[in-house]
Amino acid sequence: VQDHHRALTPKFSWLITDPLMRMLFGTCILIGVGTALGQEELAKRVDGTPWATAVVTAVFGTSARFAHLVVGSWYFSLVAHTMEACYTAYLCKRMLKMKTGTTVKWFVLNVCTGFPIMNKVRELVAVDRAARSKKKGR
């Protein structure tokens, strides 16, 4: 049983070692910083940096529009990742019978990166279902 729980415990190091998670986590941090600065301050900082102004205006039109999209993206990702994390916690607790501490780790990682963590848990559920069905077939 302890080996089962140890094997199912996620690692926070995945935020750095897994390329997709690193990219998503980094993006979430950046849009979080932009949101913390506020739309006006973010637009002002973009406008104060020539290369950033050139890139942002070429892609988004104006720095104000970019700042608005950054803030909107932050709130959208927060809601989406939290909803995914709730589903992940449900799978961990109900389907995989994980301890609360392990479930909380999966939840926190899911809020940080979203889909890659939920996908790992869904893979664990699929393996568990296959093992249970194989066991019933004996």
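Okay, so let's go over this structure.

### Describing the state of the cysteines
Inference 1: For the structure on display, the rule yields 0 disulfides.
Inference 2: In this structure Cys-86 is not part of a disulfide, and its nearest cysteine sulfur, from Cys-92, lies 12 Å away.
Inference 3: No disulfide involves Cys-112; its sulfur sits 7.9 Å from that of Cys-28, the nearest cysteine.

### Looking at the environment of Thr-100
Inference 1: Relative to the helices and strands, Thr-100 resides in helix H7 (residues 100–113).
Inference 2: For the pair Thr-100 and Ala-89, spaced 11 residues apart in the sequence, the C-alpha separation amounts to 9.1 Å.
Inference 3: Within polar-contact distance, the side chain of Thr-100 engages the side chain of Lys-93 at 3.0 Å.

### Describing the side chain of Asn-110
Inference 1: Inspection of the secondary structure assignment puts Asn-110 in helix H7.
Inference 2: Residues within four places of Asn-110 in sequence aside, it is in contact with His-81, Glu-84, Ala-85, Thr-88, Ile-117 and Met-118.

### Some details on the environment of Asp-128
Inference 1: Position of Asp-128 among the secondary structure elements: in helix H8 (residues 115–137).
Inference 2: Once the C-alpha coordinates of Asp-128 and Val-71 are considered, the two residues, 57 residues apart in sequence, prove to be 39 Å apart.
Inference 3: Of the polar contacts made by the side chain of Asp-128, one reaches the side chain of Arg-132; its length is 2.7 Å.

Definitions and limits used
- Along each chain, residue indices are assigned from 1 in the same order as the chain's sequence is written.
- Only residues with pLDDT of at least 70 are given local features in this predicted model, and only at 80 or more are side-chain atom pairs given and counted; all residues enter the totals for whole chains, interfaces and linings.
- Each side-chain value is worked out from all heavy atoms of the structure, with water and hydrogens disregarded.
- Count a disulfide wherever a pair of cysteine sulfur atoms falls within 2.5 Å.
- Secondary structure elements are taken from DSSP: a helix is a run of H or I of four residues or more, a strand is a run of E of two residues or more, and numbering for both begins at the N terminus.
- Pairs of N or O atoms within 3.5 Å make up the polar contacts considered here, provided that, within protein, one atom can donate a hydrogen while the other can accept it, and that residues adjacent in sequence are counted only when both atoms are side-chain atoms.
- By the convention used here, residues are in contact when the closest approach between their heavy atoms is within 4.5 Å.

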